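Chain and residue survey
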Amino acid sequence: MTGSAMVFYAAAVLTVVFAAVMVVHRNPVKSTLALVVSFFGLAICYVLLSAPLIAVLQVIVYAGAILVLFLFVLMLLNLREEPAPPGSSRPIQTVLSGVAIVSFAGLMLGLIRASGDPAAGADPQPLTDIARVSRLLFSDYLLPFEAVSVLLLAALVGAFVLVYSEKRA
Amino acid sequence: MSGPVPLLHVLILSVALFAIGLTGALLRRNAIHIFLSIELMMNAANLALIGYALSWGTPEGQIVVFFVIAIAAAEASVGLAIFVALFRHTKTIDVNQVNLLKW
Amino acid sequence: MSLLDFGIIAARVLLPALILPGIVIPLVWVERRGAGLIQDRPGPNRVGPMGLLQSPVDVLKLFMKEPVMPAAADSFLYTLAPAIAVFAALATFAVIPYGATLEVGGRTIPLIGADLNIGILYIFAMTSLSVYAIVLAGWSANNKYSLMGGIRSSAQIISYELAMTTAAAGVILAASSFRLNDVVAMQEGTWLSFVPRWNVFPQFLGFLIFFVAAFAETNRIPFDLPEAESELVAGYHTEYSAMRFGSYFLAEYVNIMVASALAVTLYLGGWTLPGFHPQGILGTLISIAIFAGKTAFLVWVFVWVRWTLPRFRYDQLMSLGWKVLLPLALVNIFLQAALALGTGVYR
């Protein structure tokens with residue numbers, strides 16, 4: 001096993017463990033932080049899968065903006081640990097969701113196994129070349145790019161309308 | 001081009017993360033946890049896309065991930081705005097307590 | 001890879017990380033004496049010649065004090081937060097080239113921690129991590145002043161990072177590379193044989209925005225709102241004492257140096273100087289000295305501004321960032337695109 005493979009598996013374990021921590025932790029702030037660590041592990045995986053640009057964007061956008069926004073809201077709302085409300089355990093739903101999740105994962109793994117490794121495309125240029133990715137983004141994918149910027153503007157306006165209160169203005 | 005690990009292992013990691021995210025989204029009742037779980041599921045999909053991009057030697061997969069990240073940002077801003085508005089009305093973000101369509 | 005190669009890489013990466021905190025000690029002395037100079041008073045002058053030993057003694061004091069943790073604090077995050085602050089500050093320097101390539105005994109040693117092809121983006125990723133140090137400090141201490149300071153500060157850093165990144169995009173556009181070595185290389189030589197090819201000349205607007213945003217990013221006066229002592233006691237580090245407080249202090253000064261070094265690399269030609277072609281070990285040493293000199297000048301500007309300007313109000317800070325700096329940074333991008341396409345300013 002090569003060094004980068006070992007790093008990949010280590011990062012994969014880190015990612016999965018902290019993702020699990022995120023799901024089970026009762027404290028929303030710590031859950032968010034666990035997801036930050038998990039996304040860091042993913043960023044390491046992206047670097048090893050020759051997508052350094054995406055890895056850095058992952059850290060800047062997810063860790064640096066989206067999850068900070070989460071923490072921000074949690075702090076403003078002052079949400080701390082929430083005890084489970086009494087009489088709210090739902091064994092049937094829990095078992096059913098468990099079955100659904102396990103069967104979903106099994107189905108996906110089966111499909112992946114059945115499809116096998118795709119034939120590697122003969123491509124001389126490495127994917128780590130940022131100029132190559134960017135050139136494609138600003139030529140063939142220009143329309144989606146512009147559409148996303150309009151979407152971001154719409155989200156901005158929408159978020160403002162939702163939280164704007166006339167009392168404070 | 002081939003990466004440091006077989007594509008299969010990347011996809012297994014992706015499925016594992018997606019399943020964890022699905023578990024959180026289905027079983028947790030705190031809106032924040034559900035939202036974080038959805039983010040995790042999107043990232044699982046991103047990982048699969050990047051794995052395939054490397055395996056096929058084309059940058060298209062990375063470009064789709066770029067768009068997914070941008071859309072996740074838009075989604076997070078609107079989603080959190082909804083939580084803030086919800087919290088102002090009901091003083092809770094437990095999705096089970098939010099069962100009224102009209103106030 | 002032989003042991004020697006490994007040692008060279010380790011030295012390349014670790015030396016700056018060890019030297020930067022070391023420089024903080026004299027830097028604090030410079031700041032306090034500079035304050036004295038500007039305010040027409042002596043400043044610290046009792047310990048050692050010209051008060052030079054004041055800072056080492058202060059550091060010793062910080063180490064020997066008892067760290068006190070509030071009973072209601074979240075002990076894990078409370079301890080983790082200062083560590084993140086120092087880590088994020090030191091990790092940023094890894095991609096900044098601090099001297100000409102050294103050639104010794106048939107080996108070429110680039111004087112840069114890691115020559116990433118996404119260098120500038122890496123720096124912004126690391127700066128965005130420093131937000132966590134502040135947010136977590138504010139939240140984990142369970143104190144309302146800490147929390148207010150933490151929230152203010154994270155909002156400020158996110159807002160100004162936008163302006164900073166957009167301003168730096170002008171440089172990326174001109175260099176057509178994220179690699180900081182390429183950015184330095186494009187600034188070698190002169191225009192019309194007397195103006196250095198530094199980005200600061202065609203991109204003065206961008207430099208100004210970048211530098212102003214750097215003040216906000218490092219939480220320095222006039223943008224030190226997070227720790228505005230008249231309103232928030234000491235902001236996010238209200239509940240920190242001893243060396244945990246010292247970590248924030250250290251991180252602040254390291255951040256100042258890194259921000260100055262980055263501004264030098266992006267806009268002031270890095271370690272280059274017109275007409276200077278480094279050769280041999282001496283040339284490399286001179287190039288490091290040039291880099292250090294330029295950085296020291298900008299660090300002095302940080303000190304100078306701190307003791308000259310009053311503090312902004314919070315709403316003024318936000319409207320400056322969003323309504324002035326960000327639009328100007330966008331204008332700068334258009335300007336640079338026009339320069340790059342329409343004229344031969346950039347190679």
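Residues numbered from 1 in each chain as written. Chains lettered and ligands numbered in written order. Predicted model: local features only at pLDDT ≥ 70, side-chain atom pairs only at ≥ 80, totals over all residues.

Glancing now at the overall build of chain C. If you tally the helices and strands in chain C, you get eleven helices and four strands. Here the C-alpha radius of gyration of chain C, 21 Å, is about what a compact globule of 347 residues would show, namely 20 Å. The C-alpha extent of chain C, read off along each of the three principal axes, is 60 × 50 × 45 Å. Looking at chain C as a whole, 46% of its 347 residues are labelled buried. Restricting the contact set of chain C to residue pairs at least 6 apart, pairs at least 24 apart contribute 77%. (Helix = DSSP H or I, 4+ residues; strand = E, 2+ residues; numbered from the N terminus. Rg over C-alpha atoms; globule rule 2.2 N^0.38 Å. Buried ≥ 20, exposed ≤ 12 C-beta atoms within 10 Å, placed from the backbone. Contact = placed C-beta atoms within 7 Å.)

What follows deals with the overall build of chain B. The helix and strand inventory of chain B stands at three helices and zero strands. Scanning chain B from its N terminus toward the C terminus, one meets helices and strands in the order α-α-α. Relative to the compact-globule value of 13 Å for 103 residues, chain B shows a C-alpha radius of gyration of 17 Å, a clear excess of over 25%. Looking at chain B as a whole, 53% of its 103 residues are labelled buried.

Residues and elements named next belong to chain C. Of all residues in chain C, 97% have pLDDT values of 70 or greater, and the mean over the chain is 83. Ranking the helices and strands of chain C by mean pLDDT puts helix H7 (residues 204-217) first, with 89, and helix H8 (residues 229-232) last, with 66. Interface confidence for the predicted complex, given as ipTM, is 0.85, next to a pTM of 0.85. (pLDDT = per-residue confidence, 0-100.)

The next subject is unusual backbone geometry. Positioned with a positive phi, Ser50(A) is a non-glycine residue whose angle comes to about 50°. Of the residues examined, Ser50(A) has 22 C-beta atoms within 10 Å and is grouped as buried. Despite not being glycine, Asp40(C) has its phi angle at roughly 60°, a positive value. Looking at the secondary structure, you find Asp40(C) in the loop between helix H1 (3-38) and helix H2 (54-64). Note on Asp40(C): 6 C-beta atoms within 10 Å, which makes it exposed.

Looking at the two pairs of chains with contacts, the pair that accumulates the most is chains A and B. Across all C-alpha pairs, the smallest distance from chain B to chain C is 14 Å, and the two are not in contact.

Our next topic: the interface of chain A and chain C. Listed per partner, the contact involves 15 residues of chain A and 16 residues of chain C. The greatest single-element share of the side of chain A that touches chain C, amounting to twelve residues, is contributed by helix H3 (residues 52-77) of chain A. Taken together, the residues of the side of chain A that touches chain C break down into 13 nonpolar, two polar and no charged. (Nonpolar A, V, L, I, M, F, W, Y, C, P; charged D, E, K, R; others polar.)

Attention now moves to H3(A). All names here are of chain A. Look at H3: 36 Å from first C-alpha to last across 26 residues, which is about the 38 Å you get at 1.5 Å a residue. Of all the bends found along H3, the most pronounced is centred on Val68 and spans about 30°. Within H3, 20 of the 26 residues are buried, leaving the element largely enclosed by the surrounding structure. Downstream of H3 by one or two residues, Asn78 has phi in the positive range, about 50°. (Expected span 1.5 Å × (residues − 1). Bend = angle between axes of the 7 residues up to and from the residue.)

Here we take up the nonpolar core. If you look at the biggest cluster of nonpolar residues, it comprises 174 residues, and the most contacted ones within it are Tyr46(A), Val56(A), Ile50(B), Phe210(C), Ala213(C), Val254(C) and Ala263(C). Top contributing element to this core by residue count: H3(A), with 17 residues. Leaving out residues up to four positions away in the same chain, Val56(A) has contacts with Ile118(C), Leu121(C), Tyr122(C) and Ala125(C). (Core = buried A, V, L, I, M, F, W, Y, C linked by C-beta atoms within 7 Å.)

Taken together, the contact pairs 64 residues of chain A with 62 residues of chain B. Of all elements in the fold, only helix H1 (3-24), helix H2 (28-48), H3, helix H4 (91-115), helix H5 (130-137) and helix H6 (142-163) of chain A reach the threshold of two or more residues within the side of chain A that touches chain B. The element best represented in the side of chain A that touches chain B is H3(A), accounting for eleven residues. Partitioning the side of chain A that touches chain B into residue classes produces 49 nonpolar, eleven polar and four charged.

Here H5(A) crosses helix H3 (residues 60-90) of chain B at 65°, and the two axes come no closer than 10 Å. Classified by the angle between their axes, H5(A) and H3(B) sit roughly perpendicular to one another. Between H5(A) and H3(B) lies a crossing of right-handed hand. Here H5(A) contributes Val133(A), Leu136(A) and Leu137(A) to the contact with H3(B), which in turn contributes Gln62(B), Ile63(B) and Phe66(B). Of the residues that constitute the contact of H5(A) with H3(B), the class distribution is five nonpolar, one polar and no charged. (Axes fitted to C-alpha atoms, helices over the stretch in contact; angles between N-to-C directions. Parallel < 35°, antiparallel > 145°, perpendicular 65-115°, else oblique. Left-handed = near helix turned anticlockwise from the far one by under 90°.)

Residues and elements named next belong to chain C. In this fold, Ala216 is placed in helix H7. The exposure class of Ala216 is buried, given the 25 C-beta atoms found within 10 Å. Separated by 60 residues in sequence, Ala216 and Gln156 place their C-alpha atoms 7.1 Å apart. Ignoring sequence-local partners within four residues, the contact set of Ala216 consists of Gln156, Tyr160, Phe223 and Gly321.

The next subject is H4(A). Across its 25 residues, H4(A) extends 36 Å between first and last C-alpha, which sits within 8% of the 36 Å expected from 1.5 Å per residue. Counting buried positions along H4(A) yields zero of 25 residues, so the element is predominantly exposed.

With that settled, the discussion passes to the environment of Glu252(C). Residues and elements named next belong to chain C. Positionally, Glu252 belongs in helix H9 (residues 242-267). A residue is classified by how many C-beta atoms lie within 10 Å of it, and Glu252, with 18 of them, is partly exposed. Along the backbone, Glu252 and Val24 are 228 residues apart, and their C-alpha atoms lie at a distance of 9.4 Å. Other than its neighbours up to four places away in sequence, Glu252 contacts Thr218 and Asn219.

Here we come to the packing of H3(A) against H3(B). Contact pair H3(A) / H3(B): the axes reach a minimum separation of 11 Å and the direction vectors enclose 5°. With respect to each other, H3(A) and H3(B) are oriented roughly parallel. The segment H3(A) lies against H3(B), with Ile54(A), Leu57(A), Gln58(A), Val61(A), Ala65(A), Ile66(A), Leu69(A), Phe70(A), Val73(A) and Leu77(A) engaging Gln62(B), Val65(B), Phe66(B), Ile69(B), Ala72(B), Ala73(B), Ala76(B), Leu80(B), Phe83(B), Val84(B) and Phe87(B).

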